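Structure assessment
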Amino acid sequence: SKAADAPPEASPAAGGDGQKDVDSPATGGTVICITETGKPLPAGEEASLKFLTSLRRFILLKTDGMELGIGAYRIPRMGKEEVNLPQLYRSVVMCGGYHKTIQKKGSWKVVAFHMRVPSTVTNAAYMLRVHYEKFLLEYEYTFWDNPDIEMDLLRNTRFTREQVLLSPVPSGPPKKTDATK
């Protein structure tokens, strides 16, 4: 079986993301990142890279061909640094997801702390919320199995998880243009 042949780094105990099988038998689609199965994003560079590939595929489908990192979907900056989108997603999900984060006063400041945004960025909480809404909110609603039942009312129905998993996987790194250099 594929699970028995999986390398040891695929186990959560070994620091992997626990993903042993890239094809999801439930949908027939290709699972790039564990977040596409409804689970939270684990820490680690490999998980973050898989998340960005998954997000690229989602944005390509959502925008009918726009690429993450280019034009309107250029990676945002705060201060002199690009916003770490995997860490932003991880931080908001740790706080209970977008819905709970907007309801609880001060939650976006907690997210900014987790993101290690410099204190010189005085509008960090607001800007992180804006970036989350643009880049990650529909992704969260499509994939994360939020334990809150009320979230079913807010869940994005534009794409099902299966539609995204059946769409093509982007190949190679994002294209660089003069606008992204």
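Because the structure is a prediction, the values reported are computed rather than measured. (Residues numbered from 1 in each chain as written. Predicted model: local features only at pLDDT ≥ 70, side-chain atom pairs only at ≥ 80, totals over all residues. Heavy atoms only, no water.)

**Focus: the nonpolar core**
Counting 37 residues, the largest nonpolar core has Leu85, Leu88, Tyr89, Leu128, Tyr132 and Leu136 as the members making the most contacts within it. When residues of this core are traced back to their parent elements, those giving at least two are helix 2 (45-62), helix 3 (85-94), helix 5 (107-114), helix 6 (124-135), helix 7 (137-143) and helix 9 (161-166). If near-sequence neighbours (up to four positions away) are discounted, Leu85 is found in contact with Phe51, Leu52, Leu55, Leu68, Ile75, Phe135 and Leu136. (Core = buried A, V, L, I, M, F, W, Y, C linked by side-chain atoms within 4.5 Å. Buried < 20%, exposed > 50% of the residue type's maximum accessible area, 1.4 Å probe, protein only. Helix = DSSP H or I, 4+ residues; strand = E, 2+ residues; numbered from the N terminus. Contact = heavy atoms within 4.5 Å.)

**With respect to the pattern of salt bridges**
Counted under the stated rule, the structure contains five salt bridges. Between Glu138 and Lys62 there is a salt bridge, with the nearest N and O atoms lying 3.5 Å from each other. One end of the pair, Glu138, is in helix 7; the other, Lys62, is in helix 2, and 76 residues separate them in sequence. (Salt bridge = Lys/Arg side-chain N within 4 Å of Asp/Glu carboxyl O.)

**With respect to the side chain of His131**
Tracing the chain through its elements places His131 in helix 6. Setting aside its immediate chain neighbours within four residues, His131 contacts Pro76, Arg77, Met78, Val83, Leu88 and Leu136.

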